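Descriptive structure summary
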Amino acid sequence: MTIISIVHTRGWILKGLMLATVGFVSMVHAQAAADDALVAHGKAVAIAGDCAACHTDNKATPFAGGRPIGSPLGNIFASNITPSKTNGIGNYTEEQFAAALRRGVDARGRHLYPAMPYTAYAGISDEDMHAMYVYFMQAVPPVDNAVPPTKLSFPYSMRWTMAIWNALYLKKGTVEGSSPDSKEIDRGRYLVDTLGHCSSCHTPRNLLMAERSGKYLGGANVDGWIAPNITSDPVSGIGGWSAEEIAAYLKNGHVNGKGQAGGGMAEAVEQSLRYMPDSDLHAIGVYLKSVPAIRVASDEKPAYEYAGGTPLPSITKLEPQRPDVTRDPNFAKDASSTDGSVLYSGACASCHQPSGKGTGDQYFPSLSHNRAVGMSTSDNLVMAILHGIDREGADMHVLMPAFDRDLNDAQIAAVANYVSQHFGNPGVVTTTAQVAQIRAGGPTPLLLRLTPYLLAAAAIVVLLIVWLIFRRKKSRRVRS
């Protein structure tokens, strides 16, 4: 072989090696891009699933768990779902991860309580499940936070009973792509029913604390708050809202002249909804507009249309755009005062204005044409007074102070009645007893009220069975 041939051959070898190297690097970059896309997909699914709201304690480390989720049966501590191998889900296989989300069974085979909305997550698609698993395992930092054990009272402490409950109420969910007539409605349904698990709060529960299918999204009591009717009914529901208004509410936590988010809904806006694509929020709005209407017979007009029964004189002076969140230091000087006008003037008027119209930019919203003030029950108004509002939407951070330590139940009732009469639904009357019940977390479910009697009946049945067995054995001895 000549020197020229050798050089020529070596040149082709070098070119081949260079091409192979370039191909390998391109393949690595493509794989990295695919991995990044998969992680981004999983993060988007986790956001839509509102995982952070429950699994983050008091806005601390995301997903580290420890937050006590209030339930009628007692506090249920949300688990650590970071990839910690000691206190989180770092040892979960993808199958175990999917089983926890879809069937409510953790890696140790323990049944989860349905405060974890696995009845909704049962419909998560395989693609979304895989992406979410990759996101939690690869992109979420591990946190070795030990979560206190959940300790419910007997008999609800027996987790194995959830297997019976699941046999009755855990159904296979529907996944995206089941309605070819409208892709947007189908996407909205998937977000509402599966990832967003909206019915977990907005659908009332039956005796065994399962969702009542005939009242889908018809409104329910959740830890003192009323998760309102979000069906398409124009009076009791949100049929009078446009899809665009619904999307704006979900993104920002408010729509002027309609309502503002508080409680768990404010958390959903802050932790999840404000980060979702506008197209998804609009799809939710379109789907909710298609949900069969549920009308409450006593409702006469939409809650946001109420402007009070005894309106105050119009205020002619220019009201500030956004005053400081302050309280008159003398508003509760007379601790026994139950004069609603005095209490409102000292505690509320500095922000919502004496006229109740709020500020010009509606940072402090008008109390007229306000769903919380116009509802047929004052639960949300009372809860807002008691616990305040702390909400971070896409457009602003809203803060309303809490008065649960400053005002007693009678004073809260007086303020609520003053606000309802002058700015909202004048037909709503709030009593001191109602405030006490709302402060305690709302009405006690029928199941809990019946529990002592059910336990007594179970004990009688057990004793009867023991007596029958004993009698049968005694009869056999006599015959023998």
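Residues numbered from 1 in each chain as written. Predicted model: local features only at pLDDT ≥ 70, side-chain atom pairs only at ≥ 80, totals over all residues. Heavy atoms only, no water.

Looking at an unreviewed UniProt entry, the protein chain carries the name Mono/diheme cytochrome c family protein, with the source organism given as Luteibacter rhizovicinus. Listed under Subcellular location (unreviewed entry) in UniProt, the entry text for the protein chain is "Cell membrane". (UniProt positions renumbered as here; feature names shortened; annotations may be inferred.)

1. With respect to the packing of helix 9 (residues 243–252) against helix 11 (residues 278–288)
At their nearest, the axes of helix 9 and helix 11 sit 8 Å apart, and the two run at 125° to each other. In terms of orientation, helix 9 lies oblique with respect to helix 11. In this structure, helix 9 crosses over helix 11, and the sense of that crossing is right-handed. Seen from helix 9, the contacting residues are A243, E244, I246, A247, L250 and K251; seen from helix 11, they are D278, L281, H282, I284, G285, V286 and L288. For the contact of helix 9 with helix 11, the per-class residue count stands at 8 nonpolar, 2 polar and 3 charged. (Axes fitted to C-alpha atoms, helices over the stretch in contact; angles between N-to-C directions. Helix = DSSP H or I, 4+ residues; strand = E, 2+ residues; numbered from the N terminus. Parallel < 35°, antiparallel > 145°, perpendicular 65-115°, else oblique. Left-handed = near helix turned anticlockwise from the far one by under 90°. Contact = heavy atoms within 4.5 Å. Nonpolar A, V, L, I, M, F, W, Y, C, P; charged D, E, K, R; others polar.)

2. Quick notes on the layout of surface pockets
A volume near 1,000 Å³ is recorded for the second largest pocket. A class-by-class count of the residues in the lining of the second largest pocket yields 25 nonpolar, 13 polar and 6 charged. (1 Å grid on protein atoms, 1.4 Å probe; cavity = no way out; pocket = protein on both sides within 12 Å on 5 of 7 lines; lining within 4 Å. Points joined across faces, edges and corners; volume = space filled by probe spheres on them.)

3. A closer look at the environment of P426
Tracing the backbone shows P426 in the loop between helix 16 (409–423) and helix 17 (432–439). Accessibility expressed as a relative area gives 30% for P426, which makes it partly exposed. Each C-alpha atom, one on P426 and one on G308, is 5.8 Å from the other, the two residues being 118 residues apart in sequence. Setting aside chain neighbours within four positions, we find P426 in contact with Y306, G308, G309, S420 and Q421. (Buried < 20%, exposed > 50% of the residue type's maximum accessible area, 1.4 Å probe, protein only.)

4. Here's the deal with unusual backbone geometry
Note on backbone geometry: most residues besides glycine have negative phi, and most peptide bonds are trans. A cis geometry characterises the amide bond from F154 onward to P155, with omega recorded as 5°. Along the polypeptide, P155 turns up in the loop between helix 5 (126–138) and helix 6 (161–169). Phi is positive for D223, which is not a glycine, with a value near 55°. Inspection of the secondary structure puts D223 in the loop between strand 3 (220–222) and strand 4 (225–227). We note that Q362 has phi near 60°; this positive angle belongs to a residue other than glycine. Considering the arrangement of structural elements, one finds Q362 in the loop between helix 13 (349–352) and helix 14 (371–374).

5. Overview of the UniProt feature "binding site: heme c 3" (unreviewed entry) in the protein chain
Mapped onto the present numbering, the UniProt feature "binding site: heme c 3" (unreviewed entry) falls on C348, C351 and H352. Residue placement: C348 occurs in the loop between helix 12 (340–347) and helix 13. Apart from residues lying up to four places away in sequence, C348 is in contact with L343, Q353 and V415. Examined against the element boundaries, H352 turns out to sit in helix 13. Of the residues examined, H352 reaches a relative accessible area of 12% and is grouped as buried. Discounting chain neighbours no more than four positions away, the residues touching H352 are Y344, K357, G358, F364, P365 and L367.

6. Quick notes on the nonpolar core
Grouped together as the largest cluster of nonpolar side chains are 60 residues, with contacts concentrated most on F63, F97, L101, I124, M132, F136 and L288. At 6 residues, helix 5 tops the list of elements feeding residues into this core. Look past the residues within four positions of M132 in its chain and what remains in contact with it is G42, V45, A46, C51, F97, L101 and I124. Residues L386, A416, Y418 and V419 belong to the second largest nonpolar core, which totals 27 residues. (Core = buried A, V, L, I, M, F, W, Y, C linked by side-chain atoms within 4.5 Å.)

7. Here we look at the pattern of salt bridges
Scanning the entire structure with this criterion turns up 10 salt bridges. Notably, a salt bridge pairs D233 with R295, separated by 2.7 Å at the nearest N-O pair. Of this pair, D233 sits in the loop between strand 4 and helix 9 while R295 sits in the loop between helix 11 and helix 12, placing them 62 residues apart in sequence. Here D409 makes a salt bridge to R439, at a shortest N to O gap of 2.8 Å. One end of the pair, D409, is in helix 16; the other, R439, is in helix 17, with 30 residues separating them in the sequence. (Salt bridge = Lys/Arg side-chain N within 4 Å of Asp/Glu carboxyl O.)

8. Thoughts on the pairing of strand 8 (residues 397–400)
In this sheet, strand 8 lies alongside strand 7 (residues 389–392) in antiparallel orientation, the contact comprising 4 bridges. Bridging across to strand 8, D390 finds its partner in L399. Hairpin connection from strand 7 to strand 8: 4 residues lie between these consecutive antiparallel strands. (Pairing = 2+ DSSP bridges.)

9. Focus on helix 9
For helix 9, the full list of buried residues reads A243, I246, A247, Y249, L250 and N252. G253 sits one or two positions beyond helix 9 and adopts a positive phi of about 85°.

10. Some remarks on a nonpolar patch on the surface
Residues W160, I164, L168, L207, L208 and L446 make up a contiguous nonpolar surface patch of roughly 590 Å² in combined accessible area. Since its relative accessible area comes to 46%, L168 is described here as partly exposed. (Patch = residues over 30% accessible without salt bridge, like charges linked within 9 Å, V, L, I, M, F, W, Y side chains within 5 Å. Areas by Shrake-Rupley, 256 points an atom, 1.4 Å probe, with all protein chains shown as cover.)

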